[in-house]
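Fold and contact review
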Amino acid sequence: MGLTIGVDIGGTKIAAGVVDEEGSILETCKVPTPPTPEGVVDAIAEAVRTVSTDHSVEAVGIGAAGYVDDKRATVLFAPNINWRHEALKDKVEQRVGLPVVVENDANAAAWGEYKFGAGAGHEDVICITLGTGLGGGIIIGNKLRRGRFGVAGEFGHIRVVPDGLLCGCGSQGCWEQYASGRALVRYARQRAVATPENAQILLGLGDGTPEAIEGKHVSQAARQGDKVAVDSFRELARWAGSGLADLASLFDPSAFIIGGGVSDEGDLVLDPIRKSFRRWLVGSQWRPHAQVLAAQLGGKAGLVGAADLARQG
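Residues numbered from 1 in each chain as written. Predicted model: local features only at pLDDT ≥ 70, side-chain atom pairs only at ≥ 80, totals over all residues. Heavy atoms only, no water.

Here we take up the overall build of the protein chain. Looking only at helices and strands, one finds nine helices and 13 strands in the protein chain. For 313 residues, the compact-globule formula gives about 20 Å, and the C-alpha radius of gyration of the protein chain, at 20 Å, lands near that figure. Structurally, the protein chain occupies a C-alpha span of about 60 × 50 × 35 Å along its principal axes. A burial count over the protein chain gives 51% of its 313 residues as buried. Approximately 14,000 Å² of the protein chain is accessible, and the part contributed by carbon and sulfur atoms is 50%. Each charge sign in the protein chain was given a centre, from 31 positive and 37 negative side chains, and these centres are 5 Å apart. (Helix = DSSP H or I, 4+ residues; strand = E, 2+ residues; numbered from the N terminus. Rg over C-alpha atoms; globule rule 2.2 N^0.38 Å. Buried < 20%, exposed > 50% of the residue type's maximum accessible area, 1.4 Å probe, protein only. Areas by Shrake-Rupley, 256 points an atom, 1.4 Å probe, with all protein chains shown as cover. Lys, Arg positive; Asp, Glu negative; His and termini not counted. Charge placed at Lys NZ, Arg CZ, Asp CG, Glu CD.)

Rendered as structure tokens:
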């Protein structure tokens, strides 16, 4: 199969791109994400038609946040779009006249990184996305592992603290409440309240109050050596690394690939994650250690991965 289209459904925009067999994006377009479920389907179709005008395209892959069934056709549940058992594959196929594959967005991004990014040379990889929340994907034996019902890899909702912080999923103590962009901001605000003298740079980037601190402020302040900002990254990394150690006990991969907005800070966050991973890995001194790698494709991973999964059918 030659050219395929990848679609990445975001909270504010839908991106579509024509992708070749080498993972190169030949053409892209973006359209706003509509507020209604049916509007989203129409917008996907519009984006697909736009990018396919000048190309001979053979299939479409869609990365959607939420639970996707094992047939890669129906979105069982999407937290940010009111989709409940949404027959997305059939609806888009009817509109664009091409075969469609639907995949969880974190799985699509994981496959993109494995195939065309940081996963080169690895057969067994666990991908973690540290963004607003925490997502993941499992590649074992060169195959994307979805589980029996298609919903494996929801690492962000592993409970790491019994009766811990309330999560948006309705449970308590989920990993993403302690290792995510949202958690990073919470750590920074709490520390700025407790020790404002150590957060002068950080506070100065907003309006001077802890409540105004945003993720971009924490990143910028940490790069300037602000103690509260640096300590907030270390706290996030402590939770992220300990979670990776648990996943190593489950899957024993050769590499963890860390993507998402938080990972854009590079070694500022990756070095303490590696340190925490080694600290909490059972039998650390006696066993080989998986590499902890930075993702390479950035925001393109989901689109490229979805397109390649469509190519495989």
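Right, let's get into helix α9 (residues 301-312). A rise of 1.5 Å per residue sets the reference length of α9, with its twelve residues, at 16 Å; its end C-alpha atoms lie 17 Å apart and thus fit the reference within 8%. Among the twelve residues of α9, eleven are classified as buried, and the element is accordingly described as predominantly covered. For α9, the full list of buried residues reads Ala301, Gly302, Leu303, Val304, Gly305, Ala306, Ala307, Asp308, Leu309, Ala310 and Arg311. Positive backbone phi, at 75°, marks Gly313, one or two positions downstream of α9. (Expected span 1.5 Å × (residues − 1).)

With respect to topology, five strands assemble into an open sheet ordered β11-β10-β9-β12-β13, the strand pairing being mixed. Looking at which strands have only one partner, the edges of the open sheet turn out to be β11 (143-144) and β13 (291-294). Two strands pair when backbone bridges link them, and strand β9 (residues 125-130) and strand β10 (residues 134-140) are joined in this way by six bridges, in the antiparallel orientation. Each residue of the ladder has a partner; that of Val125, found in β10, is Ile139. (Pairing = 2+ DSSP bridges.)

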